[in-house]
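# Observations on the model geometry
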Number of protein chains: 2
Amino acid sequence: MLAQFKRPEKMDKKQASSEIKRLKNELAVLQQRAKVAKLPVVVLIDGWSASGKGRMISSICSELEMRGYRVHGSSAADMGETLRPQFWRYWRDIPAMGEITIFERGWYRPALEQQDETTQREQLDINAIRTFERQLCDDGYLVVKFFLHIDEQTQRERLQVLSDDPSTAWRATYADFLQNKQYNRLCRRRGKLMEATDDAWGPWHIIPNEYRKTGTCLLLRTLCQRLRDALEKGAPVPAPRTESTEALLSMPKLADVDLDKALDDEAYDEALDRERKKLKHLHGLLYRERVPIVICFEGWDAAGKSGVIRRLTWAMDPRGFLVSSVAAPSPDELARHYLWRFWRNLPEEGNVTIYDRSWYGRVMVERAEGLTDLARCEMAYDEINEFEAELVRWGAIVLKFWLHIDQDTQLERFTLRQQTPEKRHKITAEDWRNRDKWPQYERLVDEMLARTSTPKAPWVVVEANDKKYARIKVLKTVRKAIEQRLKEKG
Amino acid sequence: MLAQFKRPEKMDKKQASSEIKRLKNELAVLQQRAKVAKLPVVVLIDGWSASGKGRMISSICSELEMRGYRVHGSSAADMGETLRPQFWRYWRDIPAMGEITIFERGWYRPALEQQDETTQREQLDINAIRTFERQLCDDGYLVVKFFLHIDEQTQRERLQVLSDDPSTAWRATYADFLQNKQYNRLCRRRGKLMEATDDAWGPWHIIPNEYRKTGTCLLLRTLCQRLRDALEKGAPVPAPRTESTEALLSMPKLADVDLDKALDDEAYDEALDRERKKLKHLHGLLYRERVPIVICFEGWDAAGKSGVIRRLTWAMDPRGFLVSSVAAPSPDELARHYLWRFWRNLPEEGNVTIYDRSWYGRVMVERAEGLTDLARCEMAYDEINEFEAELVRWGAIVLKFWLHIDQDTQLERFTLRQQTPEKRHKITAEDWRNRDKWPQYERLVDEMLARTSTPKAPWVVVEANDKKYARIKVLKTVRKAIEQRLKEKG
């Protein structure tokens, strides 16, 4: 893709300057239109060392309204980033609706600096990149990717100029000169990566930048064009997914779950004590091995989620876990991809995040209440499976619990809550309304369990009519999953 | 303080257990009361290695509502934190109103691990700690600090137990054993630090924790007591400040500023080009030297802030600066100390944050519009000076510009904006209303300039009737401040 690239002619300097000026102003106008249209825009500026990425970003931003954009440089990942999945920092930094985020190199940097060129690893990276960009586009983001291209000789000359001036010498590093030495090999490799990620929803634009004015002019033209297109025709429609989805586990229907399982007090106390001790010990080992754990809890209202979560946390070091309670999204969250807020709270390696309700809200409450349109909810199944697959690829233990009770038990607990002053705040009119929709929710839950339970991120249905039984089952399941992982690690 | 500490008697085990249970439940009730009362609570758990900090935090959290608290472990600072002022991460993590944040060791860790025991450096650290805690208390935060105290022998035995068990051996580090070897010296040193920071608004509570149940019981009792006191009597009233405030620069009254200063087109173009080139070069050097810059812009509506900021950013690498536009606070911001949002956006070392309006809102618009009560606004002068002094201590260049125009010029510009379709969105009814309050604002600005201009964080009044003159003056001032700093650095 890069090697065969045909360079356009150098433009007349004066003519280019005046066009650049016009395009900068047009970009500012388009920014305002994007703001009104609530279009979120992601611009990626990749390119060779010394290809002029910094100056190009300056040109893009020159006339933009300052509170409407952010620039993220390509500094190496810091500790909090290194300890999280590869895409964590990019998810964290995606723009809100109507805003523009400019990433310098961004998520292509690790793929290119990656020395381990084994085909399998590379293919996984490429899949992850394509998934990330497609998920953004599915959600209405415009993704515009530029590669600033200069030839070997131009690069060599520019690096030389930088290193000859004492005040800029530090900017031309050994790695940059090495890049120049290996120019042809890297050119093929980058070209290959770009071909593999040149999707309809996130096409590459190669910008020859030997002549800066010509390059700037071409880039701004393209960027304006892409923005105009997105504003007029909407973001490009994603191609139908052809990748095979992961194998799914066969799950029971809720109606078939045996809710009579129970534990007596003595067995419970004994098991609770034993499991807590084991878990406490294992949590320390996981921390050492830097294995992250992501656990979701979903279930009927009053199924006992808080009680289970509390027992789980009693067994863990409080400095090593976070309970993320998912309530109605904040304005910041509503303005971004719906997975954004879950990405943000992912644990560091070795730590645990427990989601009290989770991303499954989209295929349950959001769908049942019509908060999100059907097509978007349908799409969410793929997104969720992809999200969890990415967590697994990162190395996380992923577990999802559905706490199941029957309608009679729920009624009993609702009534008890209403009669107990200090528990009354836990029950609302909405809980009673949801109860009326039980059959509808049951169908949705059955569908969710059937479509999102994978070997590496399984659903576990917990019989929760008896709270004691439920708590022990959860503790045991978590404990066994950790033991299994430690065994695999050897 | 520590060396003379008298240990209370060991409690009866059974009695302690039942009291702990009661106290945990009481704490949960107090948490709900704090939520209703919107009381933000900061709990610090410091203590010797192996004194049981983790378990103690577990006990505190055991019955708390999970979405109402957060625990922050004492991991070493990561890159993003290292590149920012010492207190940045703690400011970032302060609780919202009604919430509880538990810090393990927190801001006492660096002070104690600090090898450089020179008196001057230590005194600066102590001042910074006291200021941080006092600022929180001034804003209604409850700050509760515990030190878990165990004697030398208990520590030695516990470390030995940890290191004898292969699954916990990694938790007893060389540094921990070293601490035990130097126990007496450290005991004196810690005691001294605690005495120096044992303020009325943030007193230390020493909890003997040789006997865990006794320790837990004592700590929970104290914590409940402090919460009850705060809920009943309000947070402790800060003692009057006795520290001398920094020397202030003498500033002109706005009425005396000569607004006739102007530049012609030719002089402007020439100066703009020259200053931009110099600044660009200097920005690179600052990045290398890791000097951060914090610049505030305040001024009358239509004084030309955006135009000035744009010229300034044109001279900088877009990957190295952030323009933080300060608008009405979000709910998250309103729920915390008003300096929180400004702390969050501070640059990393070597980078620049430009605040388009700033923390001075409190002593201007918030005061003029009665958004904040007078006593709180009055307090803000000290807080602002302390905040900026902390930035200076960190090593930042701090500059504050007041863009000054007269009423006629403002009227002209307002009228022009209203007549220009693409500028009309920049003028609102509020701008016209503010105009009526000109004399009131002028008094407030004069007071602000007089009370917050210090040698290391000076105000610069910019004569801005002529936009060209104003832009060049700002660019020159920034450039000279950088040159001055680089000269000092040698």
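Refer to the structure printed above.
Attention in this report is confined to the structure presented alongside it. One numbering rule holds for all chains: residues counted from 1, following each sequence as written. Chains carry letters and ligands carry numbers; both start at the beginning, A for chains and 1 for ligands, and go up in the order they are written. Given that this is a predicted model, residues contribute local features only at a pLDDT of at least 70 and side-chain atom pairs are listed and counted only at 80 or more, while totals for whole chains, interfaces and linings are drawn from all residues. Where side-chain values are given, they derive from all heavy atoms of the structure, hydrogens and water being excluded.

What follows deals with the overall build of chain A. In terms of helices and strands, chain A carries 20 helices and 10 strands. Considering only C-alpha atoms, chain A reaches an extent of 85 × 50 × 40 Å along its principal axes. Approximately 22000 Å² of chain A is accessible, and the part contributed by carbon and sulfur atoms is 50%. Helical segments are the DSSP runs of H or I of at least four residues, strand segments are the runs of E of at least two, and each set is numbered from the N terminus. Accessible surface area values rest on a Shrake-Rupley calculation with a 1.4 Å probe, where residue burial reflects the displayed protein chains alone.

With that settled, the discussion passes to the packing of helix 2 (residues 53-61) of chain A against helix 10 (residues 212-233) of chain A. All names here are of chain A. Here an angle of 0 to 180 degrees is reported between the N-to-C directions of two axes, which are lines fitted to C-alpha atoms, with helices fitted over the stretch in contact. Running from amino to carboxyl end, helix 2 crosses helix 10 at an angle of 50°, the nearest separation of the two axes being 11 Å. When the axis of helix 2 is compared with that of helix 10, the two are oblique. Crossing angle aside, the handedness with which helix 2 passes helix 10 is right-handed. Contacts from Arg 55, Met 56, Ser 59 and Ile 60 of helix 2 reach helix 10 at Arg 212, Gly 215, Thr 216, Leu 219, Leu 220 and Leu 223. By the definition adopted for this analysis, an angle is roughly parallel if under 35 degrees, roughly antiparallel if over 145, roughly perpendicular if from 65 to 115, and oblique otherwise. Handedness of a helix crossing follows the sense of rotation of the near helix relative to the far helix, less than a right angle counterclockwise being left-handed and clockwise being right-handed. Whether two residues touch is decided by their heavy atoms; if any such pair falls within 4.5 Å, the residues are in contact.

Bringing the sheet that holds strand 9 (residues 397-404) of chain B into the picture now. Residue and element names in this part refer to chain B. The strand order 7-8-6-9-10 describes an open sheet built from five strands, whose pairing is parallel. With partners counted over all chains shown, the strands left at the sheet margins are strand 7 (321-325) and strand 10 (459-463), one partner each. Taken over all neighbouring pairs, the strand axes of this sheet differ in orientation by 20° on average, direction set aside. The pairing criterion is simple: DSSP has to find at least two bridges between the two strands. Looking at chain direction, strand 6 (residues 293-299) and strand 8 (residues 352-356) are connected through five bridges and run parallel. Of the residues in strand 8, the one forming a bridge with Ile 295 is Ile 354. Taken strand by strand, helix 12 (residues 305-314) contacts strand 6, strand 7, strand 8 and strand 9, and its axis lies near 160° from that of strand 6.

A word on the environment of B:Met66. Counting through the fold element by element, B:Met66 comes out in the loop between helix 2 (53-61) and strand 2 (69-72). For B:Met66 and B:Ser330, which are 264 residues apart along the polypeptide, the C-alpha to C-alpha distance reads 24 Å. If we skip the residues at most four places from it in the chain, B:Met66 touches A:Ser306, A:Ile309, A:Arg310 and A:Val323.

Quick look at the side chain of A:Glu366 now. Residues and elements named next belong to chain A. Along the chain, the position of Glu 366 falls in helix 15 (residues 365-368). According to the relative accessible area criterion, Glu 366 is buried, its value standing at 18%. In contact with Glu 366, other than residues within four places in its own chain, are Gly 361, Leu 371 and Thr 372. For every residue, the accessible area (1.4 Å probe, protein chains only) is compared with the maximum for its type, and the residue is labelled buried under 20%, exposed over 50%, or partly exposed between those bounds.

The next point concerns a negative patch on the surface. On the surface, A:Glu99, A:Asp332, B:Glu99 and B:Asp332 cluster together to form a negatively charged patch. Topologically, A:Glu99 is positioned in the loop between helix 4 (88-93) and strand 3 (100-104). To count toward a patch, a residue needs a relative accessible area above 30% and no salt bridge. Like charges then connect within 9 Å, nonpolar side chains (Val, Leu, Ile, Met, Phe, Trp, Tyr) within 5 Å. Any carboxyl oxygen of Asp or Glu that lies within 4 Å of a side-chain nitrogen of Lys or Arg is treated as forming a salt bridge with it. Just so you know, the count uses Lys and Arg for positive and Asp and Glu for negative, and it drops His and the chain ends. Taken as the charge centre is NZ of Lys, CZ of Arg, CG of Asp or CD of Glu, depending on the residue.

Charged atoms that come close allow side chains of opposite charge to pair. Enumeration according to the criterion identifies 86 salt bridges over all chains in this entry. For the salt bridge of A:Glu19 with A:Arg221, the shortest nitrogen-to-oxygen distance reads 2.7 Å. Placement of A:Glu19 in helix 1 (residues 13-37) and of A:Arg221 in helix 10 is noted, with a sequence separation of 202 residues between them. We classify A:Glu19 as buried; its relative accessible area is 13%. Classification of A:Arg221 by relative accessible area gives partly exposed; the value is 36%. Between B:Arg33 and B:Glu232 there is a salt bridge, and its shortest N-O distance comes to 3.9 Å. You can see B:Arg33 sitting in helix 1 (residues 13-37) and its partner B:Glu232 sitting in helix 10 (residues 212-233), a full 199 residues away along the chain. Residue classification places B:Glu232 among the exposed residues on the basis of a relative accessible area of 53%.

Functional significance is not addressed by these values, which are geometric in nature.
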